[in-house]
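Examination of the molecular architecture
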Amino acid sequence: MAKIGVVRAGVGLRAKRGWTWRVWVFCRKKPLGALGAVLLILMAFTAIFADALENYDPLYQDTPKQLTAPGREFWFGSDVLGRDVYSRVIHGSRVSLYVGLMAVLISTAIGTTVGVASAYFGGWLDLGIQRVIDALQGIPGLVLALALVVALGASLNNVTIAIAIAYIPRVTRIARAQALSVIQEDYVLAARAVGARAARIIFRHVTINSLTPVIVVAAGLLGNAIVTEAALSFLGLGVPPPFPSWGQMLQAGARGYQEAAPWLTIFPGLALTVGVFGFNLFGDALRDTLDPRLRGR
Amino acid sequence: MHRYVMRRLVLFVPTLFLASLLVFTIMHILPGDVALAILGTDNVNMRDVENIRAQLGLNNPLPTQYGEWAWGMLKGDFGGRSLVDREPIRANIGRRFPVTIQLAVLTIAITLLVSLPLGVIAALKQDRWPDYVIRSMTILGLAMPNFWVALLVILGLVLIFSWGPPVMYRNFWNSPSTNFQIMIWPALVLAWGFSSYLVRVTRAQVLEVLRQDYVRTAHSKGLATRTVITRHVMRNALIPVITLLGTHLDATLGGSVILESIFGVPGVGQGIVQGANYRDWPVIQSLAMTLVFITLTTNLIVDLTYAFIDPRIQYK
């Protein structure tokens, strides 16, 4: 009886070790990754509750109080139009997160589909797709995104699309490479033998089993996407004003008021850096956990 | 290896062709009438619109337009004139191209000089203070966007030293010192981001090679540690680093687009940004193609070098 009890206790323990246990193990093994996750949760929290966290309306112009130094009234100072930099930084997280997540989601969806299809069908299709991907990758990412924004016009969604297109080659490459090895597996052969159709094999077997390295690459791209959005906005080709975005705030700060109001340069950049830092740490930990072979790449 | 070199060379041309097709398509097929954009939206006279379209060859079928532009790129007149100041794009590129090359060379030189030794030191002193210091620097370098670092550098120079980089650009042959004072900052900022990446890879590679059997053999046959490190470890660890140098060059060129604008360096990147602000598409198109050409050529050179250095490489 005692023995059964022990076994039951063991079963009970294992059942309790659900995702909270896994999170705890992740935190203990990857403290930096956990720090990254905390930063990301903070950023998501800021974006969601921006309206509650703000001190002023981010668009409200208190012109007589323009370029006030950081203090009790304006925590991060005020800009040249007398807008509160703190509230604008808080609201800027929305743009960054939206563009970053959507761009990576779109490029991952398209890149995976194209990469897997390219690997599965092979032949001329594969050759053709690979050449286009090579060509696309020959255009520096920022230049490609910039040209697309010029052609499409600057808006929140066009910036997202432009960044997504610039990232498609990287996702396609890794998805294709992984799918090529998955196709060799016996379970794909078995699926084919029982008469599964191409679509079923592609989605149920090949794609699902090719996802791990894709997720690792996508996580690495998130921080990158946020920087690219900020860079485009900085160049005046991103999210149009007055909607607050960190890159555009940096540009406004850099134009002539740099020495007079260094806080315009410091705070939006700091927010951007913390965001990218969080994504990088989390992405690295995710990579080490999911795919130890990719370490150091 | 000959097969590899041949295939790599043969693939270069279609890739370049497809890339030019992509650049052209982006600038042409996507919505927006260029003639209307040039004239502005109010009070457009239809005859003016027609004149501009005819003048730019916009009434020709797209394949003809592409053919003319591509032939122009090959012939060396680089696709006509700027829409804004009517300057021939050929002159524009002739002026900007050397500047960007100089910036890229300077960046890569600094990166190599700094990151290879640091990567090796970090690996040899693994989990001791030099390793921690070096790794912290790389984490910072990867997290801080280069254009923000650039703004902080300018801010720091002005606030602390009351000195800013010269505003007027001078080329290297006319005034080496002015040129250096301008170019060194964007090069340093770019090199920091670039080396952060390279240091991490070098460190990981060296750590991996240190565990190899031939390193133990080298030690056990009584070679001095210094000889083992330089002859056995470094040589094997640095091969993949060279490829990464090539694949990351496009990021550096992309970064130079924004840094050139911040530091007032009149290179290809700054030209693209100026063109973008005026919707000057012939300039964007030809300058972007120039960057694509630089990127693809460097990648080709790097791949070929790789094949020569590492005889194990096969075309996959």
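It should be emphasised that the depicted structure is a prediction, and the values quoted were computed from it without experimental measurement.

**A word on the nonpolar core**
Of all hydrophobic cores here, the largest spans 116 residues; its most connected members are Leu146(A), Phe147(B), Ile262(B) and Ile272(B). At 13 residues, the largest contribution of residues to this core is made by helix H13 (residues 281–309) of chain B. Residues lining this core come from more than one domain, with at least three contributed by each of domain 1 (2–75) and domain 2 (93–309) of chain B. Excluding residues within four positions of it along the chain, Ile272(B) makes contact with Val143(A), Leu146(A), Ile284(B), Leu287(B), Ala288(B) and Leu291(B).

**What about the side chain of Thr178(B)?**
You can see Thr178(B) is positioned in helix H8 (residues 176–210). With near-sequence residues (within four places) excluded, Thr178(B) lies in contact with Pro166(B), Met168(B) and Arg170(B).

**What about the layout of surface pockets?**
Taken as a whole, the second largest pocket spans an internal volume of roughly 530 Å³. Contributing to the lining of the second largest pocket are 21 residues, with Ala254(A), Ser261(B), Ile262(B), Phe263(B) and Gly264(B) lying nearest its centre. Listing elements by their share of the lining of the second largest pocket, those giving two or more residues are helix H11 (246–254) of chain A together with helix H7 (146–161), helix H11 (249–263) and helix H12 (268–277) of chain B. In terms of residues, the lining of the second largest pocket owes the most to one element, H12(B), which gives four residues.

**Concerning the domain arrangement of chain B**
Residues and elements named next belong to chain B. Considered domain by domain, chain B is made up of domain 1 (2–75) and domain 2 (93–309). On a C-alpha basis, the centres of domain 1 and domain 2 stand 32 Å from each other. Opposite the 18 residues of domain 1 that make contact, domain 2 presents 15 residues. Here domain 1 meets domain 2 over a buried area of about 1,600 Å², counting both sides, of which 81% is carbon and sulfur. It is Arg8, Phe12 and Met27 that lose the most area in domain 1 upon contact with domain 2, and together they represent 31% of the buried surface on that side.

**Notes on empty space enclosed by the protein**
If a probe as big as a water molecule is rolled over the atoms, it shows which places are left empty. The tally for this structure, following the rule as stated, stands at one cavity of 30 Å³ or more. Put simply, the largest cavity is a space of about 50 Å³. Counting residues per element, the ones that place at least two in the lining of the largest cavity are helix H7 (141–152) of chain A together with helix H1 (2–28) of chain B. Of the residues contributing to the lining of the largest cavity, the split by class is eight nonpolar, no polar and no charged.

**With respect to the environment of Ile129(A)**
Within the fold, Ile129(A) resides in helix H6 (residues 123–138). Considered as a pair, Ile129(A) and Val114(A) are 15 residues apart in the sequence and their alpha carbons are 8.0 Å apart.

**Description of the pattern of salt bridges**
Side chains bearing opposite charge may pair, as long as their charged atoms lie close to each other. A full pass over the atoms with the stated rule returns 10 salt bridges over all chains. Overlapping salt bridges bring together Asp127(B), Asp131(B), Arg135(B) and Arg203(B) as one network.

**A few points about unusual backbone geometry**
Despite not being glycine, Asp127(B) shows a phi value in the positive range, around 60°. Along the polypeptide, Asp127(B) turns up in the loop between helix H5 (89–124) and helix H6 (129–143).

**Details of the confidence of the model for chain B**
Residues and elements named next belong to chain B. A residue-level look at chain B finds 92% of positions with pLDDT of 70 or above and a mean pLDDT of 82. Averaged over each element, pLDDT in chain B is lowest for helix H2 (residues 34–39) (64) and highest for helix H9 (residues 213–220) (90). For this predicted complex, the interface score ipTM comes out at 0.84, while the overall pTM is 0.85.

**Considering the side chain of Gln285(B)**
Secondary-structure assignment places Gln285(B) in helix H13. By relative accessible area, Gln285(B) is classed as buried at 2%.

**Let's talk about the packing of helix H5 (residues 85–121) of chain A against helix H8 (residues 156–183) of chain A**
Helix packing geometry: the angle between the two helix axes and the distance between the axes. Residues and elements named next belong to chain A. Where H5 contacts H8, the two axes come as close as 5 Å, and the packing angle between them is 35°. In this structure, the crossing between H5 and H8 has a hand that is right-handed. When the residues that make up the contact of H5 with H8 are grouped by side-chain class, the tally is 22 nonpolar, nine polar and one charged.

**Re the packing of aromatic side chains**
For any two aromatic rings, the description comes down to two numbers: the centre-to-centre distance and the angle of the planes. Tallied over the full model, the rule gives seven aromatic pairs over all chains. Residues Phe234(A) and Phe147(B) carry aromatic rings whose centres are separated by 5.2 Å and whose planes lie at 35° to one another, so their mutual orientation is tilted. One end of the pair, Phe234(A), is in helix H10 (residues 198–234); the other, Phe147(B), is in helix H7, on a second chain. Using a relative accessible area of 8% as the deciding quantity, one classes Phe234(A) as buried. Judged by centre distance (5.3 Å) and plane angle (75°), the ring pair of Phe24(B) and Tyr66(B) falls under edge-to-face. Of the two residues, Phe24(B) sits in helix H1 while Tyr66(B) sits in helix H4 (residues 62–75), which places them 42 residues apart along the sequence. As far as burial versus exposure is concerned, Phe24(B) and Tyr66(B) are alike and both buried. Here the aromatic cluster, defined as three or more aromatic residues joined through ring pairs, consists of Phe17(B), Phe24(B), Tyr66(B) and Trp69(B).

Reading guide: rules and limits
- Residues numbered from 1 in each chain as written.
- Chains lettered and ligands numbered in written order.
- Predicted model: local features only at pLDDT ≥ 70, side-chain atom pairs only at ≥ 80, totals over all residues.
- Heavy atoms only, no water.
- Core = buried A, V, L, I, M, F, W, Y, C linked by side-chain atoms within 4.5 Å.
- Buried < 20%, exposed > 50% of the residue type's maximum accessible area, 1.4 Å probe, protein only.
- Helix = DSSP H or I, 4+ residues; strand = E, 2+ residues; numbered from the N terminus.
- Domains from an automatic or database assignment.
- Contact = heavy atoms within 4.5 Å.
- 1 Å grid on protein atoms, 1.4 Å probe; cavity = no way out; pocket = protein on both sides within 12 Å on 5 of 7 lines; lining within 4 Å.
- Points joined across faces, edges and corners; volume = space filled by probe spheres on them.
- Buried area = accessible area lost by both parts, 1.4 Å probe.
- Nonpolar A, V, L, I, M, F, W, Y, C, P; charged D, E, K, R; others polar.
- Salt bridge = Lys/Arg side-chain N within 4 Å of Asp/Glu carboxyl O.
- pLDDT = per-residue confidence, 0-100.
- Axes fitted to C-alpha atoms, helices over the stretch in contact; angles between N-to-C directions.
- Left-handed = near helix turned anticlockwise from the far one by under 90°.
- Phe/Tyr/Trp six-rings, centres within 6.5 Å; stacked < 30°, edge-to-face > 60°.

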